[in-house]
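# Descriptive structure summary
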Amino acid sequence: MSTYRLDHFFEPRSIALVGASPRPTSVGGATIRNLRAGGFAGQIHVINRKYSEIEGIKTVRDFDAIAAAPDLTIICTPPSAVPGVVRRAAARGCPAAMVLTAGLGQGAGSFSEAAAQTARKAGLRLMGPSLGILVPRAKLNASFAARLPKPGDLALISQSGAIASSMVEWADSRDVGFSVIVSMSERLDVDFGDLLDYFALDNGTRAILLYIESVDDARKFMSAARAAARVKPVVVIKSGRHSQGARAAATHTGALAGSDAVYDAAFRRAGLLRVLDTDELFSAAETLGHLQSAQGNRLAILTNGGGLGVLAVDRLIDLGGEVAALSDSTRDALDKILPPGWSRADPVDILGDADGERYAAACAELLDDPKNDALLALNAPNTLAAPADSAKAVADQVQKQRRTKLSRKPVFAAWIGDTGAAATAFGAAGIPHYASEADAVRGFMHLVRYRDGLELATRTPPSLPEDFIPDAPAARVIIEHALKDGRNWLNPVEITQLFAAYQIPIASATLARDPDEAARAAEPLLADGRTVVVKISSPDILNKSDVGGVRLNLTSERAVRDATADILQRARLMQPRARIHGVTVHPMILRAKARELIAGLADDPTFGPVVVFGRGGTAVEVINDKALALPPLDLNLARGLIARTRVSRILKGYRDVPAADENAVALLLVKLAQMAADLPEIRELDINPLLADTDGVIAVDAQASIESLSDQRRGSSHYRFAIRPYPKEWERETTLRDGSVILLRPVRPEDEHLYPEFFTHVTAEDVRLRFFSAMKELTHAFIARLTQLDYARAMAFIAIEKSTGKMIGVVRLHTAADFESAEYAVLVRSDLKGMGLGWQLMQMMLEYARAEGVRAVRGEVLSQNTTMLAMCQQLGFTITPDPENSDILLVSLQLAAKPA
């Protein structure tokens, strides 16, 4: 349901409290006292059949005694009574209810499931079990937390009541305010996805903090998180980082893809800023509660103690930041105002006797220096100068320069041992302040990481090679054949064929059932001057080296025959129950300068397919040098995946070793991600080792685990993806009235280069009719919003002229918060009007909307846009005036329900 009716939780005009109690230690008693003490201005109805009055409020027996249905129902009853309260609230027409009662249980037959089913049928939004909701701007403390925090622009969404209440107490002493604090679980109705969507659009919220224990609906969470992170910072802390996996992985890639590593990959892909503990969460809250963003990672450090400055530098470099250089003009200016002994470099050490005047003067120069992106002011207390005076001087100087708009750079402060005076000065100036230099540096890097994540999310990827055309039908035949045989693993020959379908180089494999067959298979390789590798072939022996099942560099048929006999004998001896098909014969791949890598696919129970990359070899789990990413991937994302590993450093050239072809490695990872989208039967895939050198990549050994799918799941290849992949099934060819052939397909991020030329063929009047205003500039950020889509909630079909490859039109569809209606917009080249292109785009958009289960398509059309209005009329849209704007007409088309 997303944001449907969520405003009743955070902007209620009336509240019904069920289960209030005069007992001070009860949840109901604490909640009613908090509601009254917070100053909530709306009506509070107390439903209780035992007491006639609680906390000065006259009670009523049930919802029927309330004149109008309350916006928000708060439930504090025993668990067994909760489903009944939800049923009565729904019958009364209540739009939202929050359960504060714990112990509802989970699963079929539980109180939570009974309550959730009742709420879903009635359209009542249900949240909890939880600590409650705190909305300072509404003076609403609908919780049993100790106090209501100050108003601010941070939203906290927490699955832990303890974390939520701790943040309230922490913020009270730090001058940090909140737009809202929500304590919730994902077990009833309202979840992280709903709340992220809501607060992403909340003008009173500038940043969102998340405390997550688990995610139930991965696709919904990822879709909402990606959208929210593009408009404001989202910081997340995830508990259970070192919990053990519930199942043993069958492949190396599966073993590397631990639960927390997958969550980390998901957060990174969504653009969320992950922190590891509550200290860091508080640090992030301190930073985001006062600052907007940083333009880069160059930090200037101002200190009265050299040692303190050096510690800050160490921490900065540890976290990936850069110590800012001093410009010549800034150094000259500082020479004039500082004592001769100052450091003349960053960190700028202005000596231990620095007073407020010296701090302010140095601060002014550093804020004006174009060679830094932010300033960190540090103070080590001593008896030579008053730290409080220095803090006030820095705060005043920063405010002065902000008022005159000479500098809007982020400024951070750490006054070691401060007893409160410095904190007060910095808090009043909107400067985040920290207990130590390390915390302050970490606060700066939070801003840097957020900016970098946002830039990566909107970066235009390069196009894939035109000759990469995977043969998915051929690959599907290979898998179906194996499944019909009752096998869950592909044999080496099948893997070779599968890789050929996706243009992944691999050492060829020939199956031999005995030593003589192996010798015959090796003969052509040996005749060609190559050496041979023999490996055991068994679906029950996955780690071949464990049974001595690999022989390398064999140079004769006799050696091959002897090696095969020995391998088969050892395998039968060490694993007598294993099904042994024989051996496979391969050419020996000799690449002296190649790096051993691992690449593959793993399956996560929450987020589905995961791409794994790292350092390969037999000790892959011990080395544990790996990075994970959620598919689908583009080349930019694949390169970022590679860069997060230690092995990426030796992919560069060093000494007499030339650089490996990183583009080939990145392309292979993209191919694996595409394979996961096309072939959902693949559960795990392991390439180890994958050799990479200056000539490219080649898989030396590979394994693939497969699983049969139900007919329903087989029809939706992307059902397991947390991020919906490119919907290739919606590519169509058609013709215009003049006979020209066009390709209609979903928009891709790499289409950005098509838009500037397209807009040169659209008149200013047509741009105004489409966007309701003139277009001043065609920026990357603007086009990125048009091309970088989340297919789970939006679609755009682009029309491309086949003969020229040029873009000639586009139609967009964006679903509403309830995912049952959607808004459209269409634009075609002005010189191609009357060719039927707009009609075809509209028809394709409506076909897609029906397939997605959208029940109504809506749009806003300027009254002067007679062409679009005529088309809408022909398509059956109803047209009505916009009651708020006489220049706009509202068009709407009800769609038939999607066939069952």
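Above this note sits the structure.
One structure accompanies this document, and this report is about it. (Residues numbered from 1 in each chain as written. Predicted model: local features only at pLDDT ≥ 70, side-chain atom pairs only at ≥ 80, totals over all residues. Heavy atoms only, no water.)

### Looking at the overall build of the chain
- Secondary structure summary: the chain contains 30 helices and 38 strands in total.
- The buried share of the chain, taken over its 900 residues, is 55%.
- Roughly 38100 Å² of accessible area belongs to the chain as shown, and the carbon and sulfur atoms make up 50% of that amount.
- Looking at charge distribution, the chain has the averaged site of its 102 positive side-chain charges lying 4 Å from that of its 106 negative ones. (Helix = DSSP H or I, 4+ residues; strand = E, 2+ residues; numbered from the N terminus. Buried < 20%, exposed > 50% of the residue type's maximum accessible area, 1.4 Å probe, protein only. Areas by Shrake-Rupley, 256 points an atom, 1.4 Å probe, with all protein chains shown as cover. Lys, Arg positive; Asp, Glu negative; His and termini not counted. Charge placed at Lys NZ, Arg CZ, Asp CG, Glu CD.)

### Thoughts on helix α28 (residues 780-787)
- Buried within α28 are the following residues: Phe-782, Ile-783, Ala-784, Leu-786 and Thr-787.
- For α28, the secondary structure elements touched by its buried residues are α16 (437-458), α26 (754-759), α27 (764-771) and β34 (807-815). (Contact = heavy atoms within 4.5 Å.)

### A short note on the environment of Asn-488
- Considering the arrangement of structural elements, one finds Asn-488 in the loop between α17 (472-484) and α18 (492-501).
- Taking C-alpha positions, Asn-488 is 61 Å from Arg-23, a pair spaced 465 residues apart along the chain.
- Excluding anything up to four places from it in sequence, Asn-488 contacts Ala-704, Ser-705, Ile-706 and Glu-707.

### Here's the deal with the nonpolar core
- Core analysis: the biggest nonpolar cluster contains 64 residues, and Phe-10, Leu-210 and Phe-221 have the highest contact counts within it.
- Tallying contributions element by element places helix α7 (residues 218-229) first for this core, with seven residues.
- Leave out the neighbours within four places in its chain, and Phe-221 touches Phe-192, Leu-196, Leu-210, Ile-212, Val-215, Phe-267 and Leu-272.
- Membership of the second largest hydrophobic core comes to 55 residues, among which are Phe-758, Ile-798, Leu-837 and Met-844. (Core = buried A, V, L, I, M, F, W, Y, C linked by side-chain atoms within 4.5 Å.)

### Topic: the sheet that holds strand β8 (residues 132-135)
- Strand order across the open sheet formed by seven strands is β9-β8-β11-β10-β12-β13-β14, with mixed pairing between neighbours. Edge strands, defined here as strands with exactly one partner in the open sheet, are β9 (140-143) and β14 (273-275). With strand direction ignored, the average angle separating the axes of adjacent strands in the sheet is 15 degrees.
- Of the pairings in the sheet, the one linking β8 to β9 comprises four bridges and is antiparallel in character. Note that in β9 the partner of Ile-133 across the bridge is Ala-142.
- Running over the sheet, helix α5 (residues 161-172) touches β8, β10 (151-158), β11 (178-183) and β12 (207-212) and is turned about 155 degrees from β11. (Pairing = 2+ DSSP bridges. Axes fitted to C-alpha atoms, helices over the stretch in contact; angles between N-to-C directions.)

### Some remarks on the state of the cysteines
- Per the stated rule, a full pass over the model turns up zero disulfides.
- Cys-76 carries a free sulfur, and the closest cysteine sulfur to it, the one in Cys-94, is 15 Å from it.
- Residue classification places Cys-76 among the buried residues on the basis of a relative accessible area of 12%. (Disulfide = S-S within 2.5 Å.)

### Concerning the sheet that holds strand β31 (residues 732-735)
- Spatial strand order, β31-β32-β33-β34-β35-β36-β38-β37: eight strands in an open sheet with mixed pairing. Whereas interior strands pair on both sides, the edge strands pair on one side only; in this sheet they are β31 and β37 (878-882). Across the sheet, the axes of successive neighbouring strands diverge by a mean angle of 25 degrees, strand direction being ignored.
- Across five bridges, β37 lies against strand β38 (residues 885-894) in antiparallel orientation. Residue Asp-882 lies in a different strand from β38, and its bridge partner there is Asn-885.
- Sitting on the sheet, helix α29 (residues 837-851) is in contact with β31, β32 (741-746), β33 (794-801), β34, β35 (821-828), β36 (856-862) and β38, with an inclination near 30 degrees to β34.
- In the packing of helix α30 (residues 866-875) onto the sheet, contacts are made with β35, β36, β37 and β38, and the angle to β38 comes to roughly 25 degrees.

### Notes on the packing of helix α19 (residues 515-527) against helix α20 (residues 557-574)
- Running from amino to carboxyl end, α19 crosses α20 at an angle of 140 degrees, the nearest separation of the two axes being 8 Å. Judged by the inter-axis angle, α19 sits oblique to α20. As for the relative orientation of α19 and α20, their crossing is right-handed in sense. For the pair formed by α19 and α20, the contact residues are Pro-515, Asp-516, Ala-518, Ala-519, Ala-522, Glu-523 and Leu-526 on the first element and Glu-557, Val-560, Arg-561, Thr-564, Ala-565 and Leu-568 on the second.
- Across the contact of α19 with α20, the residue classes break down as eight nonpolar, one polar and four charged. (Parallel < 35°, antiparallel > 145°, perpendicular 65-115°, else oblique. Left-handed = near helix turned anticlockwise from the far one by under 90°. Nonpolar A, V, L, I, M, F, W, Y, C, P; charged D, E, K, R; others polar.)

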